[in-house]
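# Commentary on secondary and tertiary structure
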Amino acid sequence: MRILIVDDSSMMRAMIKRVVKMTRVPVDEILEAGDGAEALELLEAHDVQLLLTDINMPVMNGADLLRKVARSDRYRKLTRVIISTDGSTQRREEAAGLSVRCYLKKPFSPEVLRDVLTHAAETVRV
Amino acid sequence: MSGSMQLPAMWRDDEQAPNRLVIGIGEMVVTTERGSRISTHAVGSCIAVCICDPHAGVAGMLHFLLPEASINPDRASAHPAAFADTGIPLLFQKAYGLGLVKQRAVVKLVGGADMAQTSGAFNTGRRNLLAARNLLWRNGVFITAEDVGGTGARTVHMAVDDGRLQVLSGHSQKEL
Amino acid sequence: MTSSHTRPKLSVFDGAPIRDAVSAVAEKSFFAIVDGCDDPGVTTAPFWLFAFVRFDDGRTSGSLACWLPPELAQMLFDSFSGRDPAAPTPPAHHVDDLVGEFSNMVCGDWLSRCHGQWAFQLSPPIVVRAPRPDMRSTRRLWVKVNDRPLAIDWDLTAAPESAPARR
């Protein structure tokens, strides 16, 4: 499985990566992007199965990234997870309409992220 | 727990119970003795850190009292198990020495009660719990289960074979 | 689940929801405990890290800023990343990134507590170093995080009730 982590904080990406490596989720490669535009380029160039994205980011935010992903048939098998400080009802409803599998609100403990990753990985269709 | 309730043999608090290892406050034990159990009492604001690798048949328990050895270096050097930052690494080192593998480790935390019910500056239970979580994260270990917080002291029994816990507090009991 | 009727208000006067947000962030992601702070001791740190975030939910906009002494920033870095404190010191830009993310999470948690129905936008955090916290701020909350001082400043610009929500 190939995972793409999208967050404008390099430390948040590193923390998520550390949790991924601590889990028993089988991972071949972890890619990173600092915003939605970078993420789209990586999605174009690589066969990614699991997308973990923040919402509030410069250049292109996570909501716009997910809208573009939802419009393309190419990504219909991509499992999508939001990891964001925005826990609002409006954002969660929007996420549900964009085929987001899990919504994890920051702050979170490593164990909660482990559970989300394990659940999301079970839905990945390689 | 009702006084008339019959507990499984593993948990029975009597002389017929299987091999028992009892640790006190500020103590720890690691064992490979199959069929035995580890117990500790009076886990209030302290934390019982319970680890087990069922595949390797290794289990251990630490009953630490305070988060940081720097609070009392002399005591820490004589009793490293009394502090989270000296006791937790020691617990894992001993368990690794007996064959525990980090990736298989089942790790459970019990305790961290607010015994003074202050929730204020001296909330030792909360500080202990956060210190334990911090040390486990730093060492790349996930927590499998917790029974923490509240305001009452707990008794913990751990089955060495599979790491199952029985936690008693007042009139309640639960399995973790 | 908290209903909109029981939510605290997003207020320039009420620091309690901000303190709750700091506690939630400090405990969950940084394994740190938050207490009240009577004496922040602003003169003892060689410099302070200042992290500033703007927000806008289409109805209300404003800002939140955190002031941290370097010792607290380093401690939060170690807790979040799992770094061994005995390991070589991390580059300053990594610590800055982490302080920005901390402020981002505090702001987001505060907004989610008070305005839980509306999605919001956060600006990328700006992190700079300053000799000491700007004492001109009128809306400031001091707390201690693992016994180290932290100041949070906040401000609101309320939009008219009739203003259309922006997405």
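One numbering rule holds for all chains: residues counted from 1, following each sequence as written. To read the labels, note that chains go from A and ligands from 1, taken in the order they are written. Local features in a predicted model are, by the rule used here, given only for residues with pLDDT of at least 70; side-chain atom pairs are given and counted only at 80 or more, and totals for whole chains, interfaces and linings are based on all residues. Hydrogens and water molecules were not included; the side-chain quantities draw on all heavy atoms of the structure.

### Concerning the pairing of strand β8 (residues 154–159) of chain B
Residue and element names in this part refer to chain B. As a reminder of what qualifies: In this scheme, a residue with accessible area under 20% of its type's maximum is buried, one over 50% is exposed, and one in between is partly exposed, where area comes from a 1.4 Å probe on protein chains only. Here a strand is any run of E in DSSP of at least two residues, a helix any run of H or I of at least four, and the numbering for each starts at the N terminus. Between any two strands, pairing holds if DSSP finds at least two bridges.
Where burial is concerned, most of β8 is hidden: 6 out of the 6 residues are buried. Of the two faces of β8, the one carrying Arg 154, Val 156 and Met 158 and the one carrying Thr 155, His 157 and Ala 159 are both buried. Of the pairings in the sheet, the one linking strand β3 (residues 37–43) to β8 comprises 5 bridges and is antiparallel in character. By the bridge assignment for β8, Thr 40 is matched with Val 156. Sheet analysis places β8 next to strand β9 (residues 165–169), joined by 4 bridges and oriented antiparallel. By the bridge assignment for β9, His 157 is matched with Gln 166. Where β8 folds back onto β9 in an antiparallel hairpin, the turn is made up of 5 residues, including Gly 163, whose phi is positive at roughly 80°.

### Thoughts on the nonpolar core
The nonpolar side chains of soluble globular proteins are, as a tendency, buried together. Applicable threshold: Here, nonpolar core means buried Ala, Val, Leu, Ile, Met, Phe, Trp, Tyr and Cys residues that are tied together by side-chain atoms lying within 4.5 Å of each other.
Judged by nonpolar contacts, the single largest core of 68 residues is most densely connected at Trp110(C) and Leu150(C). Looking at this core, the element that brings in the most residues is helix α3 (residues 92–114) of chain C, giving 10 residues.

### Side note on the packing of aromatic side chains
Spelled out, the test is: Centres within 6.5 Å make a pair out of two Phe, Tyr or Trp rings, where for Trp the six-membered ring is used; the pair is then stacked when the planes are under 30 degrees apart, edge-to-face when over 60, and tilted otherwise. Charge-over-ring placement is defined geometrically: NZ (Lys) or CZ (Arg) within 6 Å of the ring centre, and within 35 degrees of the ring normal.
Inspection of the entire model under this criterion finds 7 aromatic pairs over all chains. Centroid distance Phe30(C) to Phe102(C): 5.3 Å. Interplanar angle 80°. Geometry classified as edge-to-face. Placement of the pair is Phe30(C) in helix α1 (residues 16–30) and Phe102(C) in helix α3, with a sequence separation of 72 residues. Across the pair, exposure class does not vary: Phe30(C) and Phe102(C) are buried alike. Judged by centre distance (4.4 Å) and plane angle (40°), the rings of Phe50(C) and Trp67(C) are tilted. Residue Phe50(C) is found in strand β2 (residues 48–56), and its partner Trp67(C) is found in strand β3 (residues 60–68); the two are separated by 17 residues along the sequence. Summarising the burial analysis for this pair, Phe50(C) and Trp67(C) share the class buried. Members of the aromatic cluster, connected to one another through ring pairs, are Phe30(C), Phe80(C) and Phe102(C). In this structure, Arg18(A) packs its charged tip against the face of Trp137(B), placed 4.4 Å from the ring centre. Of note, Arg114(A) hangs over the ring of Phe142(B), and the distance from its end group to the ring centre comes to 5.0 Å.

### Section: the packing of helix α2 (residues 84–97) of chain B against helix α3 (residues 124–138) of chain B
Residues and elements named next belong to chain B. Applied cut-off: To get an axis, a line is fitted to the C-alpha atoms, and for a helix only the part in contact is used. The angle between two axes follows their N-to-C directions and goes from 0 to 180 degrees. Angular relationships are summarised with four words: roughly parallel below 35 degrees, roughly antiparallel beyond 145, roughly perpendicular across 65 to 115, and oblique for the angles in between. If you view the pair so one helix is near and one far, a crossing is left-handed when the near helix is turned anticlockwise from the far one by less than a right angle, and right-handed when it is turned clockwise. Note on definitions: a residue-residue contact is assigned when non-hydrogen atoms from the two residues lie within 4.5 Å.
At a closest axis distance of 10 Å, the pairing of α2 and α3 adopts a crossing angle of 45°. Viewed along their axes, α2 and α3 adopt a mutual orientation that is oblique. Where α2 crosses over α3, the handedness of that crossing is right-handed. Residues Ala 84, Asp 85, Ile 88 and Phe 92 of α2 form the contact with α3, whose own contacting residues are Ala 131, Ala 132, Leu 135 and Leu 136.

### Quick look at the sheet that holds strand β7 (residues 145–148) of chain B
All names here are of chain B. In spatial order, the strands read β2-β5-β4-β6-β7; together these 5 strands make up an open sheet with mixed pairing. A strand with exactly one partner marks an edge of an open sheet, and here the two such strands are β2 (27–31) and β7. In this sheet, neighbouring strand axes are inclined to one another by 10° on average, regardless of whether the strands run parallel or antiparallel. By the bridge criterion, 6 bridges tie strand β4 (residues 47–53) to strand β6 (residues 106–111) in an arrangement that is antiparallel. Across the sheet, Ile 47 pairs through a bridge with Gly 111, a residue of β6.

### Quick look at the pattern of salt bridges
This is how it is decided: Here a salt bridge means any side-chain nitrogen of Lys or Arg lying within 4 Å of a carboxyl oxygen belonging to Asp or Glu.
Under the counting rule described, the total for this entry stands at 29 salt bridges over all chains. Glu101(C) is the partner of Lys106(A) in a salt bridge, and the nearest nitrogen-oxygen pair spans 3.0 Å. Residue Lys106(A) is located in the loop between β5 (100–105) and α5 (110–123), and its partner Glu101(C) is located in helix α3; the two belong to separate chains. A salt bridge links Glu27(C) to Arg126(B); its shortest N-O distance comes to 2.5 Å. Of the two residues, Glu27(C) is situated in helix α1 and Arg126(B) in helix α3; the pairing between them involves two chains.

### What to know about the interface of chain A and chain B
The condition that has to hold: Buried area counts how much accessible surface, traced with a 1.4 Å probe, disappears from two parts once they are put together, with both parts' losses summed. Side-chain atoms alone can form a polar contact between residues adjacent in sequence; in general such a contact is a pair of N or O atoms within 3.5 Å, and within protein one must be able to donate a hydrogen while the other accepts it.
With 9 residues of chain A in contact, the opposing surface of chain B contributes 9 residues. Counting the surface lost from both chain A and chain B, the interface buries some 820 Å², and carbon and sulfur atoms represent 63% of this. For the chain A face of the interface with chain B, the top three residues by lost area are Arg18(A), Met22(A) and Glu111(A), together amounting to 57%. Our count for the chain A to chain B interface comes out at 0 salt bridges. Our enumeration of links across chain A and chain B arrives at 5 residue pairs in polar contact (both at pLDDT 80 or more).

### Side note on the confidence of the model for chain C
Residue and element names in this part refer to chain C. What counts, and what does not: Note: pLDDT gives the predictor's confidence per residue, expressed from 0 to 100.
Across chain C, pLDDT averages 86, with 89% of residues at or above 70. Element-level mean pLDDT values for chain C span from 89 in strand β7 (residues 148–158) up to 96 in helix α2 (residues 70–81). Here residues 160–167 scores under 50 on pLDDT; set against residues more than four positions off or in separate chains, the count is 9 contacts. Predicted complex metrics record ipTM = 0.92 and pTM = 0.90.

### Some words on α3(C)
Applicable threshold: A helix is expected to span 1.5 Å multiplied by its residue count minus one.
Between the first and last C-alpha of α3(C) there are 33 Å, a value that for 23 residues agrees with the 33 Å anticipated at 1.5 Å per step. With 19 of its 23 residues buried, α3(C) lies for the most part within the structure.

### Some details on the interface of chain A and chain C
At the interface, 24 residues of chain A touch 27 residues of chain C. Carbon and sulfur atoms supply 54% of the area that chain A and chain C bury against each other, a total of about 2,200 Å² over both sides. Taken as a group, Met11(A), Gln90(A) and Pro107(A) account for 31% of the area that chain A buries against chain C, more than any other trio of residues on that side. Inspection of the region where chain A meets chain C yields 2 salt bridges.

### Side note on the side chain of Asn134(B)
Take Asn134(B): it is sitting in helix α3. By relative accessible area, which is 14% here, Asn134(B) ends up buried. Contacts of Asn134(B), omitting those with residues within four sequence positions, involve Phe31(C) and Ser79(C).

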